[in-house]
Each structure stands twice: as structure tokens, then as C-alpha cells.
Amino acid sequence: MPMAKALNAGLAAALAADEKVLLMGEDIGPLGGVFRVTENLQRDFGAHRVIDTPLAESGIIGTAIGLAMRGYRPVCEIQFDGFIFPGFDQITTQLAKLTARHEGSLRMPVVIRVPYGGHIGAVEHHQESPEAYFAHTPGLRLVSPATPHDAYWMIQEAIASDDPVLFFEPKSRYWPKGPVDLDASGLALHASRIVRRGTDVTVVGHGAMVSMLLDAAALAEEEGTSIEVVDLRSLSPIDYEPLLESVRRTGRLVVAQEAPGGVSVGSEIAATVSERAFFSLEAPVIRVSGFDTPFPPAKLEGAYLPDVDRILDGVDRALSY
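Here goes a summary of the coordinates provided. (Residues numbered from 1 in each chain as written. Predicted model: local features only at pLDDT ≥ 70, side-chain atom pairs only at ≥ 80, totals over all residues. Heavy atoms only, no water.)

## A closer look at the nonpolar core
The condition that has to hold: As used here, the term nonpolar core means buried Ala, Val, Leu, Ile, Met, Phe, Trp, Tyr and Cys residues forming a set that is joined through side-chain atoms within 4.5 Å. Categorising residues by exposure relies on relative accessible area from a 1.4 Å probe, with only protein chains included: less than 20% of the type maximum marks a residue as buried, more than 50% marks it as exposed, and the intermediate range marks it as partly exposed. Strands here mean DSSP runs of E at least two residues long; helices mean DSSP runs of H or I at least four residues long; both are numbered from the N terminus. Throughout, a residue-residue contact means that at least one pair of heavy atoms, one from each residue, lies within 4.5 Å.
Counting residues in each nonpolar core, the largest one holds 76 residues, and the members touching the most others are I112, L166, L243, L253, I269 and V273. Ranked by the residues each element gives to this core, the list is headed by helix α1 (residues 3-17), at eight residues. Those residues in contact with L243 that sit more than four places away from it in its chain are T202, V204, V230, L253, I269 and V273. Counting residues in hydrophobic clusters, the runner-up holds 19 residues, among them I227, V254, A256 and I311.

## Section: the pairing of strand β9 (residues 227-231)
The cut-off we apply is this: The rule for pairing is simple: two strands pair if DSSP sees at least two bridges between them. Note on handedness: a crossover is taken as right-handed if, strands pointing away from the viewer, the path from the first strand over the helix to the second is clockwise.
Burial runs high along β9: five of the five residues are buried. Neither face of β9 is open: one carries I227, V229 and D231, the other E228 and V230, and all of them are buried. Taken together, the three bridges between strand β7 (residues 193-196) and β9 define a ladder with antiparallel strand orientation. Counted as the bridge partner of R193 is D231 from β9. Across five bridges, the pairing between strand β8 (residues 201-205) and β9 is parallel. Residue pairing in the sheet places G205 in a bridge with D231 of β9. Between the parallel elements β8 and β9, the chain passes through helix α8 (residues 209-222) in a crossover that is right-handed.

Shown next as C-alpha cells:
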């Protein structure tokens, strides 16, 4: 099924399993959300559990915090990535800190769904990758599925978490179909995994970048280069062991992301791998990212976003040492 349908099925399963689960967001009711991720959920579970909110992200998050204090498990939808910033204060100064402020006695089981990233030809504020702002904030968990199977299971696991989870959904992957095992998740919420074995270079990414990395690996194989691909899945905490195990075998690492490269998740991965696998590296860690500029108009997104050619150029640079 497509990722959008997998998320819909996962949300329906969570709503059916626990009456304390609520969905909140702009146009998520009769419309089913801009991307139809919540289609028919208000019909099936009622307007008291699938709640159309005013256009007020700060109000959505603040209300969710209050609901969590009273024992509910709210799931908030931020309609587009660039719209999250009106709720930034509530997320970083309240939601992220309340459990620590109460010495663990108050839990904050709030999920914030964030459609993010480019490749859809949208306008300003609709194609951003703001994950580093929140990965930098202690008290928040961040995950990003790359496949419909992961989307189905990870959204349920995020809702079951007693900690706040930012759930970054790569909007360019909403429509491509993939297999979904409805009986078993296969991995824990914060586990990374190797999705393609290789021997020459390790490449790592998250969300929509994973399919790009797999395409690059397939092309490289035709030219005799064996690329190992790691799907990060979780951005906070990061499960480094599969990545480090891979780098210790290949000796080279390329980190790819859509977000700007400076002070980013990719920067943190590069620094950590350099610290923890220094004597295994045969080359510097190479970063391939969006540029350190505001996201451009849609017609220029192809020049801004990393593509297969830029990834393979990074691989070539790593192999040149």
C-alpha cells in the first residue's frame, strides 16, 4: 500500500486500541487532511476523537499538552513542515521539558506528525526539512519512516510512547506503494538498519533519502562499486551500532539528507562516526545535503535537493582517498 494509506491504517489501529487516543489538526476531519492521511477517520471514530482545529499551531500543541496532562494521547498534525514554527515555543520550552520538570512523574505522550521535505513542487514554507531544530532539543524523540511498512508500525509505536515524539513523514513518499506486514513490525521504534549490503562505501540517510540512496547503489553496482545502505529511521535517539558496524567493514561513509548541511543531523552523524570509528575510516566522512540557503522556488528544487548524481559524486570523493 502507499505510505499515506499505511499511516491511515496505523492511526485507525491506534484509535481502535485505545479510546484515549485523539487526532487533532487543520482539515483532518471530513477532508481527511491535505494528503488524505486521515481520510474517513472522523467518519469512523467521531468528531470528538478526530478533531478539526483552528489554523493555530501554537494552540494545537498547547491544547495537546493539556490533554496529555489529563491522560489522553493526542496526535497532532502539522499540515506542512514550514507551518511548525508557530508551535515551536510550545514544543521546545514546554512539551520537551515537562517530564524532566516533574522529575518523571508527569508523562507527555504527544505525537506531532510533520509532513516534510521536497520533491513535490510546492511553494515557500511547504518543502522544508526542519528536523535538526528538534533533534537538538533534549526531551523529544524524532523518527522518520522510509517505507509504508515502517510508517504503519512506527506511528503506532510512537503513539504508545510515554514521551513526546515528532513523527517526520517524507511527503514525497506518500504515494509510492510498498509491502506492509500487518502482523509484525520487525524493528523497535528507534532502531536503524542496513537495507542493502555492500563492501566499498557505506551511505546513510533517512526518510525520502533512503530510496534515493538505493537507486544510487543500484547504478553504482553497474560500474563495479558496492554500496551499503543504512536507513537511520530514528533521528533522536540515533541507533549508531548498525552504522558503526557497517563503517568498520567498508572504511568509508557518505551521509545524505535533504536539509541544509550546516549544524544538522548529518553533521552530528559525521562527528560521531569520526569519533567512534576513527581508526576504521579510510577517508573523511562525506556529507551530501541541501544547500545552506532558504529552500528555493519549486522550479529550482532539482538544483537544490540531493539527487543520485550528487550522491554518487560523494561516493567517488570517498573512494578517491
